[in-house]
Amino acid sequence: MEFKILSTLLFILLLVSTTTTSSKTPPSIPKSTLDPKQISALQSLYLPVTPDPCLNPTNATTCDSASPFRHVTSLRLSNCSRDLQISPTALRALSTVRSLSLSNCPSLPRVPLPLALASNLRSFACAHAFSGGLTGVWLSRLANVTDLTVSDVPIKASGPSIVLSRMSAVRSVVLTRCNLTGSLPRHWHSNLTRIDFSDNRIAGAIHSSISALSGGLRFLNLSHNGIHGEIPDAFGELGLLENVSLASNSLSGPIPESVSGMSGLVHLDLSSNRFNGSVPRFLADLPGLKHLNLENNEFRGVIPFNGSFIKRLQVLRVGGNSGLCYNHTVLSSKLRLGIAPCDRDGFPVSPPPQRDDSPSPDDDGADTADGGGDGEARKDEHRHGPSKCCR
């Protein structure tokens, strides 16, 4: 009897032990860590690597979730130390980076990018960086980027064509305040949806080949350059354009009739050029137009807009066109357009009235068509082009 009881107890103990062991949670697999070579590379860039560089509160780095080692996919350097030097070894270790941003690193020397890193980049941005500036050839090696932004960094190149020559996938290109010379490209990558070449020294004409961008271009800023000639008729084929600034160039001639087909236009800035002829009536038929700036040109004749169109606009500027006038039976002088009323023959009856920036109590929103305002503020608006489309 005692033997049977003992056997039973042993069986129960064995059963409990087995059950307890099988119910234990298996040990958790430790999270993968960043590639040790990339940790060393980040340290050489004075970036914190503890406790986890991929979860850095400054968001300087982001990483993938690969195993056994994660890898950096996005890297941002800003306000760099004057002592910062980027070694070729660090760059080779960071060849997995797809997005690279450098800002306020003016003492950073230009260094050759390893082929693997240059090929892997999809986004490159730099502002106030590189002590010796950049070259068009250096940038052209970023052959697979879709977004390229360079501002306040001199670029040595014979034109933007050199920079874009190999970037067949590029969608957005911003090269502003880069002292860039040369002429506009004759051949464009059809993927482009955004172009900003403002504040450079680009000269020459706008070629009809720009119509190759009709499939997607929505933003175009060529302001503050030395572009001359007339707007080609082919410009009107850019039917998806929403924001256009050609301000502060030397463009001349009339606004082509083909622009009437650009039904998506919201912002059109042609100010501070040499455009002439009459202001076309079709501008009032563009359904989405909110910002129209034609000031400081050589337009003449009667402005063809009525009060309802002007009230629809957020900004209308037509001052600085000495031959332009308005029909005083259609438009009120309270609109302060900065141009004189017309006589019976369609000529200005007198010099434009002096601009008055203080709105009258009964203006009824007339300041939306004000031709006056702060000169520096308006210059800044042209400089930034379509990105400031209203006020």
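Here, residues in each chain are numbered from 1, in the same order as that chain's written sequence. Only residues with pLDDT of 70 or above have their local features reported here, since the model is predicted, and side-chain atom pairs are shown and tallied only from 80 upward, although totals for entire chains, interfaces and linings are computed over all residues. Excluded from the side-chain calculation are hydrogens and water; included are all heavy atoms of the structure.

Enquirer: What exactly am I supposed to notice about the overall build of the protein chain here?
Expert: Think of it this way: any DSSP run of H or I at least four residues long counts as a helix, any run of E at least two long counts as a strand, and we number them from the N terminus. Counting secondary structure elements, the protein chain contains eight helices and 23 strands. Counting the 391 residues in the protein chain, one finds 46% classified as buried. Summed over its atoms, the accessible surface of the protein chain is roughly 19100 Å², and 55% of this surface lies on carbon and sulfur atoms. Throughout, exposure labels follow a simple rule: accessible area from a 1.4 Å probe, protein chains only, divided by the maximum for the residue type, with under 20% read as buried, over 50% as exposed, and the rest as partly exposed. What sets the accessible areas is the Shrake-Rupley method with a 1.4 Å probe; for residues, cover comes only from the shown protein chains.

Enquirer: So what exactly am I meant to see when it comes to the packing of aromatic side chains here?
Expert: Aromatic ring pairs: the centre-centre distance and the angle between the two ring planes describe each pair. A pair of aromatic rings is counted whenever rings of Phe, Tyr or Trp (Trp by its six-membered ring) have centres within 6.5 Å, and the orientation is called stacked for planes under 30 degrees apart, edge-to-face for over 60 and tilted otherwise. Applying the stated criterion across every chain yields a total of five aromatic pairs. Ring plane angle 55° and centroid distance 5.7 Å describe the contact between phenylalanine 124 and tryptophan 138, whose orientation is recorded as tilted. Here phenylalanine 124 is found in strand 6 (residues 123–129), whereas its partner tryptophan 138 is found in helix 5 (residues 136–140), with 14 residues between them in sequence. With relative accessibility at 10%, the residue tryptophan 138 sits in the buried group. Between the aromatic rings of tryptophan 188 and phenylalanine 197, the centroid separation amounts to 6.4 Å while the plane-to-plane angle is 15°, which identifies the pairing as stacked. The exposure classification of tryptophan 188 matches that of phenylalanine 197, with both residues buried. Put simply, the rings of Phe124, Phe130 and Trp138 touch in pairs and so form one group of aromatic residues.

Enquirer: Sorry if this is basic, but what is going on with the sheet that holds strand 18 (residues 274–277) here?
Expert: Note: strands within a sheet are paired through backbone hydrogen bonds, in either parallel or antiparallel orientation. Read across the sheet, seven strands follow the order 12-14-16-18-20-22-23 without closing on themselves; strand pairing throughout is parallel. Sheet topology places strand 12 (203–204) and strand 23 (340–341) at the edges, where each strand pairs with a single neighbour. Note on pairing: DSSP must find at least two bridges between two strands before they are called paired. Relative to strand 20 (residues 298–302), strand 18 runs parallel, the two sharing two bridges. Among the inter-strand pairings, asparagine 276 is bridged to a residue of strand 20, identified as glutamate 298.

Enquirer: So what exactly am I meant to see when it comes to unusual backbone geometry here?
Expert: Negative phi characterises most residues that are not glycine, and trans characterises most peptide bonds. With an omega dihedral of 5°, the bond running from serine 67 to proline 68 counts as a cis peptide bond. Following the sequence through the fold, proline 68 ends up in the loop between strand 2 (61–63) and strand 3 (69–70). Its identity is not glycine, yet asparagine 104 carries a phi of approximately 55°, on the positive side. Examined against the element boundaries, asparagine 104 turns out to sit in strand 5 (residues 99–105).

Enquirer: Would you mind going over the pattern of salt bridges with me for this structure?
Expert: Between side chains of opposite charge, a pair can form when the charged atoms approach closely. Definition used for salt bridges: Asp or Glu carboxyl oxygen within 4 Å of a side-chain nitrogen of Lys or Arg. In total, this model carries three salt bridges according to the counting rule given. A salt bridge links aspartate 147 to arginine 171, with the shortest nitrogen-to-oxygen separation between them at 4.0 Å. One end of the pair, aspartate 147, is in strand 8 (residues 147–151); the other, arginine 171, is in the loop between helix 6 (160–164) and strand 10 (172–176), with 24 residues separating them in the sequence. We classify arginine 171 as partly exposed; its relative accessible area is 41%. Close ionic contact of aspartate 152 with arginine 177 constitutes a salt bridge, the shortest N to O distance being 2.9 Å. Here aspartate 152, found in the loop between strand 8 and strand 9 (155–156), pairs with arginine 177, found in the loop between strand 10 and strand 11 (194–196); they are 25 residues apart in sequence, far enough to count as distant. Using a relative accessible area of 27% as the deciding quantity, one classes aspartate 152 as partly exposed. For arginine 177, a relative accessible area of 30% translates into the label partly exposed.

Enquirer: Just checking my understanding: could you explain the pairing of strand 16 (residues 250–253) for this structure?
Expert: Residues Leu251 and Gly253 point to one face of strand 16 and are all buried, whereas Ser250 and Ser252, pointing to the other face, are not buried. Looking at chain direction, strand 14 (residues 226–230) and strand 16 are connected through three bridges and run parallel. Paired with glycine 229 across the two strands is leucine 251, which belongs to strand 16. Two elements, strand 16 and strand 18, share two bridges in a ladder whose sense is parallel. In the sheet register, glycine 253 faces strand 18, and the bridge partner there is phenylalanine 275.

Enquirer: I keep staring at the sheet that holds strand 4 (residues 72–78) and nothing clicks. Help me out?
Expert: In spatial order, the strands read 2-4-5-6-8-10-11-13-15-17-19-21; together these twelve strands make up an open sheet with mixed pairing. If you trace the sheet from one side to the other, it starts and ends with strand 2 and strand 21 (315–317), each paired once. Taken pair by pair, the neighbouring strands of this sheet meet at an average axis angle of 5°, ignoring direction. With three bridges joining them, strand 2 and strand 4 adopt antiparallel strand pairing. Its bridge partner lying in strand 4, cysteine 63 is registered against valine 72. Convention adopted: a line fitted to C-alpha atoms gives each axis, helices being fitted over their contacting stretch, and angles between N-to-C directions are expressed from 0 to 180 degrees.

Enquirer: I tried to follow the state of the cysteines on my own but got confused; where do I start?
Expert: Two cysteines form a disulfide when their sulfur atoms are joined by a covalent bond. Cysteine sulfur pairs qualify as disulfides if the two atoms are within 2.5 Å. This model, assessed by the stated rule, comprises two disulfides. The disulfide bridge from cysteine 325 ends at cysteine 342, spanning 2.0 Å between sulfur atoms. With the S-S bond torsion at 105°, the cross-link from cysteine 325 to cysteine 342 turns out right-handed. Of the two residues, cysteine 325 is situated in strand 22 (residues 323–326) and cysteine 342 in the loop between strand 23 and helix 8 (375–384); the sequence distance between them amounts to 17 residues. The exposure class assigned to cysteine 325 is buried, which follows from its relative accessible area of 0%. No disulfide involves cysteine 126; its sulfur sits 7.6 Å from the nearest other cysteine sulfur, which is in cysteine 178. Accessibility expressed as a relative area gives 2% for cysteine 126, which makes it buried. Accessibility expressed as a relative area gives 0% for cysteine 178, which makes it buried.

The analysis is restricted to geometry; functional conclusions fall outside its scope.
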